[in-house]
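What the coordinates show
Here are the chains, one letter per residue:
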Amino acid sequence: MGTRAACAPRTAPRRRPGAWLALVLWLASFAVSGAAADGWRELAPGVLRAAGMPAGYALTDGAAAVLIGAPRSSDRAALRARGLTVELALLTHHHRDSCEQAADWVREGVPVRAGKMSAAWLSPEAVANFWDKSMPRATPGRFPPLFERFWGQWNYFVQPAGSAGVSFDLEDGAVIAWRGWRIEVVATPGHSRDHLAFVARRGTSEQGRGQLVPATPVGTSRPHPEGQGSDAPVVVFCGDALAAAGKIWAPFTLDWHHVNSDGQQAASDSLRRLAATRPTLLCPEHGDAILTNTVAALTLTAERLERLALLKSFERYTKESVGEPPAYSFLAIDQVASPNPQGNPQPWTRLLPHLYLTGNTYALASKDGPVLLVDAYSLNLTQRVAELKRDFGLGPVEVVTVSHAHNDHYTGIFALAERERFAVWALDRIADVISDPWRFRAPYVDARPVSVARRLADGEEVAWREYRLRARHHPGQTIFGMGLEVTVDGKRCVFTGDNFYHAGQYTGSGGWSALNRGLPRGYERTARRILEARPDWMLAEHGGAFAFNEEDFRRRVRWAVDAAVAADAISLSGDHEWDWDLHRVRVEPHIAAVGAGKKLTAELVVTNPSARERRFKVRLARPEIIEAVEAEIVVAAGAEKRQALAFALAPGIPAGRHIVPGDVQVDGEADPVDLFFVVIVPEVAGSGR
């Protein structure tokens, strides 16, 4: 609350006589500025915009220029042809499309500066660490810790190898004095954690060459430079903080975590900070320059983001938006939220004569003693299974089912003794992921493949001992989710994985996010299925078993519908299932091992979730690894197409992991898909590499 108060929009200052005329004349320059043949367009005196998306910008003073962003569109040769010398480049954030030319510019002698936080995702050492942590190696005979799993780092558009030579010295509140411009650095986290905006005012007497004026504490007012006054035009280079009034480019980047709304709230707060600068001109990297109603555009986007942040949480929705939430009980309060990275610490709670719970694992017992486990979690499961035999006379384990493709729900499979004596059953979608961890970019997947004995289809009924279990596809937290409906000791039960928690646990759900392939309409479909099944008990994971309440689930349906509407509102296309889908263009397998100089075959998979036919143009390239590969595919509405790809790897590639990024255009426009795939070049025996 303190931050919002400090950053609230200021009361409009009183303008000096003649100020309105100066502003009108300055804004009039926008109308007469046209696109030039060299790709640079003058938005206003001293402000140039590069053609293409993302758009680069240049501030000019005489024959000198400062570049904002380093996208492909920023043509320095064209600026030289205009007689401009680039003296400095400033990066708004680490995303590879925004800073594609940064390393090249450094090599050519242009000082490139970025935020201090950007070092974590842009310096070569940090980038190598990011990719290493995102793709752990399975070591035979070693049981890895929980968080050593695939794609657990929630960052997007990370460069393949970083940008050497960038100076990471910018921080919130600092001012760059450059010739006739005064450029203030404003931290605007949201689209990325390291995101910066630059607020430029002309007419300063500081006349620097890019040196930093010491930072001023956030919320502290600075005097206006001599000759500026409060009426001077204010140009805000806002990066990807917004794309248009009420709209965000690639809104999935706001998902800093699969549950929390930290990214959405941070983005909203950032836009309110920018609104407080009362900009005359907003310059987004993806989206047209905003010439009028700038404060209204920022405020509208901030309000939509605040609504979105609330709707990331079912708990907030049912308690704050609707009010008077229905009362219903936990079934085992001592188990709630009990699992930890080491395993299930609590001993078994006997929920029914033949149903037991410990943390992230349920045990369904046959009257004859054998056990079916739902979600086998962690190394200490061997101890818990031994307790079933010692304390209740149960065993052996005959079947293990997996509720969803997150490793905290199946690593116990690798811990249990006599692995060959029990079978793993999983929904077909889940089996695709856990049996082949290299196939998809799916978060929280274990590096060790799981052998699945029985692949279940949605709606399939399967018998185990005296029980009949019905498998259901339960999208929500992830599209790779399964519900199991079964009657135990007269109670109608649904094992629901991490989709639904009691409104008093976590945020009342497993959260929705693009990287997890879990979006609001998936929750809506699954909540409606629960209402149709009308179970007695919801057997949620993380110790969260609770009694079914009809009103609670009717609210969950409305929550999902409202969340979809809010996500649609912030999406440029108006359809969040398009804008929030960073996987709709992908390469399978996502990770592949192949020797240097060899051929690699894979599939390009293109999904079109929209309501009309789309033309996709895809380019995959990293010259030192593979020759560029291009494909053009027309995909009908709601359809998916696959196309074979063949890559020739360059000879002499060193052993290790190599990231190959891709660009996507849809119907001729840049598309927000975080496309890349990974090539692993193995060590050659005896080669020393």
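Residues numbered from 1 in each chain as written. Predicted model: local features only at pLDDT ≥ 70, side-chain atom pairs only at ≥ 80, totals over all residues. Heavy atoms only, no water.

Once that is clear, we can look at the overall build of the chain. When its secondary structure is counted, the chain shows 14 helices and 35 strands. Burial analysis of the chain (689 residues in total) assigns 58% to the buried set. In the chain, the proportion of contacts linking residues at least 24 apart, taken out of those at least 6 apart, comes to 68%. (Helix = DSSP H or I, 4+ residues; strand = E, 2+ residues; numbered from the N terminus. Buried < 20%, exposed > 50% of the residue type's maximum accessible area, 1.4 Å probe, protein only. Contact = heavy atoms within 4.5 Å.)

The next subject is the sheet that holds strand β23 (residues 482-488). A sheet is described by the order of its strands in space; here 6 strands give the open sequence β21-β22-β23-β24-β25-β26, paired in mixed fashion. Among the strands making up the open sheet, the edge pair consists of β21 (461-464) and β26 (546-547). Bridge analysis of β21 against strand β22 (residues 467-473) gives 4 bridges, and the strand direction is antiparallel. The residue of β22 that forms the bridge with tryptophan 464 is tyrosine 467. The strands touched by helix α12 (residues 520-533) are β22, β23, β24 (491-497) and β25 (537-540); relative to β24, the strand with the most contacts, the crossing angle is about 170°. (Pairing = 2+ DSSP bridges. Axes fitted to C-alpha atoms, helices over the stretch in contact; angles between N-to-C directions.)

So, on to the nonpolar core. Trp131, Leu355, Tyr362, Leu373, Ile413, Ile430 and Leu539 are the most contacted members of the largest nonpolar core, which totals 70 residues. Filtering out sequence-adjacent residues up to four positions away, leucine 373 remains in contact with Trp348, Thr361, Tyr362, Ala363, Leu381, Val385, Val397, Val399, Val400, Thr401 and Leu416. One finds Ile530, Phe548, Ala567 and Ile570 within the second-largest nonpolar core, a separate group that totals 60 residues. (Core = buried A, V, L, I, M, F, W, Y, C linked by side-chain atoms within 4.5 Å.)

Our next topic: the confidence of the model for the chain. When the pLDDT values of the chain are averaged, the result is 91; 90% of them are 70 or greater. Confidence over residues 1-21 falls short of pLDDT 50; this stretch has 26 contacts with residues more than four positions distant or in other chains. Taken together, the stretch residues 29-33 has pLDDT below 50 and engages in 12 contacts with residues farther than four places along the chain or on a different chain. (pLDDT = per-residue confidence, 0-100.)

The subject of this paragraph is the packing of helix α7 (residues 262-276) against helix α8 (residues 294-311). One way to put it is that α7 packs onto α8 with a least axis distance of 8 Å and a crossing angle of 160°. Considering the angle they form, α7 stands roughly antiparallel to α8. When you trace α7 past α8, the crossing you get is left-handed. The segment α7 lies against α8, with Gln264, Gln265, Ala267, Ser268, Leu271, Arg272, Leu274 and Ala275 engaging Val295, Leu298, Thr299, Thr301, Ala302, Glu303, Leu305, Glu306, Leu308 and Ala309. When the residues that make up the contact of α7 with α8 are grouped by side-chain class, the tally is 10 nonpolar, 5 polar and 3 charged. (Parallel < 35°, antiparallel > 145°, perpendicular 65-115°, else oblique. Left-handed = near helix turned anticlockwise from the far one by under 90°. Nonpolar A, V, L, I, M, F, W, Y, C, P; charged D, E, K, R; others polar.)

The next subject is the pattern of salt bridges. Counting across every chain of the model gives 53 salt bridges. The salt bridge involving aspartate 172 is made with arginine 273; its shortest N-O contact spans 3.2 Å. Residue aspartate 172 is found in the loop between β7 (167-170) and β8 (175-178), and its partner arginine 273 is found in helix α7; the two are separated by 101 residues along the sequence. Here aspartate 172 matches arginine 273 in class, with each residue buried. Its salt-bridge partner being aspartate 667, residue arginine 614 comes within 3.5 Å of it at the nearest N-O pair. Highlighted residues: arginine 614 in strand β30 (residues 614-622) and aspartate 667 in the loop between β33 (656-666) and β34 (669-670), separated in sequence by 53 residues. For arginine 614, a relative accessible area of 13% gives the class buried. The class of aspartate 667 is partly exposed, set by a relative accessible area of 36%. One connected set of salt bridges, linked through shared partners, spans Asp432, Arg439, Arg455, Arg586, Glu588, Glu603, Glu640 and Arg642. (Salt bridge = Lys/Arg side-chain N within 4 Å of Asp/Glu carboxyl O.)

In terms of burial, strand β35 (residues 676-681) is a largely internal element, 6 of the 6 residues being buried. The alternating pattern of β35 places Phe676, Val678 and Ile680 on one face and Phe677, Val679 and Val681 on the opposite face, and all of these are buried. Examined bridge by bridge, strand β28 (residues 591-593) and β35 share 3 bridges and lie parallel to one another. Across the sheet, isoleucine 591 pairs through a bridge with valine 678, a residue of β35. As paired elements, β33 and β35 share 6 bridges and run antiparallel to each other. Looking at the pairing, arginine 657 lines up with isoleucine 680 of β35.

Attention now goes to unusual backbone geometry. In this chain, methionine 53 is followed by proline 54 through a cis amide linkage whose omega measures -5°. Residue position: proline 54 is located in the loop between β2 (47-50) and β3 (57-61). Of note, the amide linkage connecting glycine 395 to proline 396 takes the cis form, showing an omega dihedral of 0°. Backbone geometry places arginine 278, a non-glycine residue, at a positive phi of 55°. With relative accessibility at 31%, the residue arginine 278 sits in the partly exposed group.

What follows covers the environment of tyrosine 523. By secondary structure assignment, the location of tyrosine 523 is in helix α12. Residues tyrosine 523 and alanine 563, 40 residues apart in the sequence, show an inter-C-alpha distance of 10.0 Å. A polar contact is formed between the side chain of tyrosine 523 and the backbone nitrogen of glycine 510, at a distance of 3.3 Å. A polar contact of 2.9 Å, which involves the side chain of tyrosine 523, links it to the backbone oxygen of glycine 511. (Polar contact = N/O pair within 3.5 Å; in protein donor to acceptor, adjacent residues only side chain to side chain.)

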